[in-house]
Amino acid sequence: MTLPNGLRPTKDFESYDDALLFLAEQRAIASDLNAPELGGPTQVTLAQALGHYAQLMTIAKKGARAELNRINHYLKADGLPIFKLIPNGENAWALQAYEPSVPKGFTAHLKRRQAQGNLVAQVIKKLAVQRCSQLNGVRFRELMTAMRASGLSESTIQKEIALIRHMFNIARTEWGWRGFENPTLGLKLGKSEIRFVKLTDPQRQAVFKALQECRSAYIWPMAQIALETTLRVGSLLSMRWSQTDLENRVVVTESKTGPVAIPLSIHAVQVLTDLYERTGRDREDDRVFPMSYNAVQMAWEGVREKAGVPTLQFKDLRHVGATDYAKLGLNAHELKVMLGHKSTRMAEVYVNLAAVDLLRKLDQAAPRGPSTRVLAQGMHLGPKVLPFGRVAKRR
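Parameters and conventions
- Residues numbered from 1 in each chain as written.
- Predicted model: local features only at pLDDT ≥ 70, side-chain atom pairs only at ≥ 80, totals over all residues.
- Heavy atoms only, no water.
- Helix = DSSP H or I, 4+ residues; strand = E, 2+ residues; numbered from the N terminus.
- Expected span 1.5 Å × (residues − 1).
- Buried < 20%, exposed > 50% of the residue type's maximum accessible area, 1.4 Å probe, protein only.
- Pairing = 2+ DSSP bridges.
- Contact = heavy atoms within 4.5 Å.
- Salt bridge = Lys/Arg side-chain N within 4 Å of Asp/Glu carboxyl O.
- pLDDT = per-residue confidence, 0-100.

Some words on helix α13 (residues 316–327)
And step 1. Taking 1.5 Å per residue as the helical rise, α13 with its twelve residues ought to reach 16 Å, and the 17 Å between its terminal C-alpha atoms agrees with that figure.
And step 2. Among the twelve residues that make up α13, ten are buried, leaving the element largely enclosed by the rest of the structure.
And step 3. Among the residues making up α13, those that are buried are Asp 316, Leu 317, Arg 318, His 319, Val 320, Gly 321, Ala 322, Thr 323, Tyr 325 and Ala 326.

So, the pairing of strand β4 (residues 250–255)
And step 1. Direction of pairing for strand β3 (residues 244–245) relative to β4: antiparallel, over a ladder of two bridges. Its bridge partner being in β4, Asp 245 is matched across the sheet by Val 250.
And step 2. Hairpin remark: β3 followed by β4, antiparallel, with four residues in the connecting loop; positive phi at Arg 249, about 55 degrees.
And step 3. Pairing geometry for β4 and strand β5 (residues 258–263), over six bridges, is antiparallel. Bridging from a neighbouring strand, Ser 255 pairs with Gly 258 of β5.
And step 4. Counted along the chain from β4 to the antiparallel partner β5, the turn is two residues long.

Structural notes on the sheet that holds β4
And step 1. The strand order β3-β4-β5 describes an open sheet built from three strands, whose pairing is antiparallel. What marks the edges here is a single partner per strand, and that holds for β3 and β5.

Things to note about the side chain of His 52
And step 1. Following the sequence through the fold, His 52 ends up in helix α2 (residues 46–56).
And step 2. Beyond its immediate sequence surroundings of up to four residues, His 52 is in contact with Glu 37, Leu 38 and Trp 175.

Quick look at the pattern of salt bridges
And step 1. One pass over the structure, following the stated rule, counts nine salt bridges.
And step 2. Linking Glu 67 and Lys 61 is a salt bridge whose minimum nitrogen-to-oxygen distance equals 2.9 Å.
And step 3. The shortest N-O distance in the salt bridge between Lys 126 and Glu 142 comes to 3.9 Å. Here the residue Lys 126 occupies a position in helix α5 (residues 118–128), and Glu 142 occupies one in helix α6 (residues 137–149), the gap between them amounting to 16 residues.
And step 4. Looking at Glu 142, the relative accessible area reads 29%, which means it is partly exposed.

Description of the confidence of the model for the chain
And step 1. For the chain, the mean per-residue pLDDT works out to 81, and 76% of the residues sit at or above 70.
And step 2. Confidence, read as mean pLDDT per element, is least for strand β6 (residues 384–385) in the chain (49) and greatest for α2 (95).

A few points about unusual backbone geometry
And step 1. Positive phi is not limited to glycine here, since Leu 38 has a value of about 65 degrees.
And step 2. Located in the positive-phi region is Thr 230, a residue other than glycine, with phi close to 60 degrees.
And step 3. Looking at Thr 230, the relative accessible area reads 1%, which means it is buried.

This is how it looks when you write it as structure tokens:
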């Protein structure tokens, strides 16, 4: 007998019945080894498949936290435990099931957010509980339409569909889902828009005031360093005192592309020095900001509501800081270093944005003279041209 993996097991037996039993056992073992993961698309719901994907793929990604948040929406909709990331060695993560708790005073805000995304939540609930074999492109088109109707950006929609698309591709190539067609392949995604946020001077002052009044001892200095370094939240949370050289004004931390060395402004050094004197000197924890990602988000929710800028996200401070540096005259190559990018493409956008802002200020400046010449009586600049090219004779 030749098994599906190409092997041909042989063995001697005293009786023909024993030989037949051996062959049956070998076929069963081979069938189990080649069985599709999770029983295949006919046996597993979309939520269950995404949960399996999270354990195999998501935890190894740089953007694991954001992707896991998306997956948790489907797990919750199917009544499954949701996951959070926990450290598992140096720069490694593991998943842990947990029950989220809502801090006191945060319930009303959470209800408002849920009401805003109610349409999307309804579509996700329908998708999450369906068997993967029952899904088609129309169902995911409904999801995209609901997300647009709820005001979500094209970039957010892209990330949602890209996650599901990649999960189905992995299922086909690695999970043994033979004959299964990816239901998202026919969907054309819109172009993502670059998110830029500009704060007016009153809004900026309101944010700083709300940060100073926040109970968290770390959210104010963390926001200051975000503006000064343009680092992402994950990079800020990865900062270590042992990797921070205040004398030479540089910090080495993790980024999407790996470890990066970020120069520190004088103001950033002052903020970090004060923070170390107040909290870091007597702490065994080497982290500069010993907070969880969720704690940062909850603290920021209170800050932005108190400041009257409910749509401002913590990650927007990165854009605000980059725009500020462009206005101060940093060129694209210098901004590329600050942002930790591999190319100057995005940095050039900030430079152009600063140039547009300069033009706007020039337009708003008071005119230094009339925009047209006022001629004295009897003076003219040449023949008067009438419509259709006719020239009038002047007397």
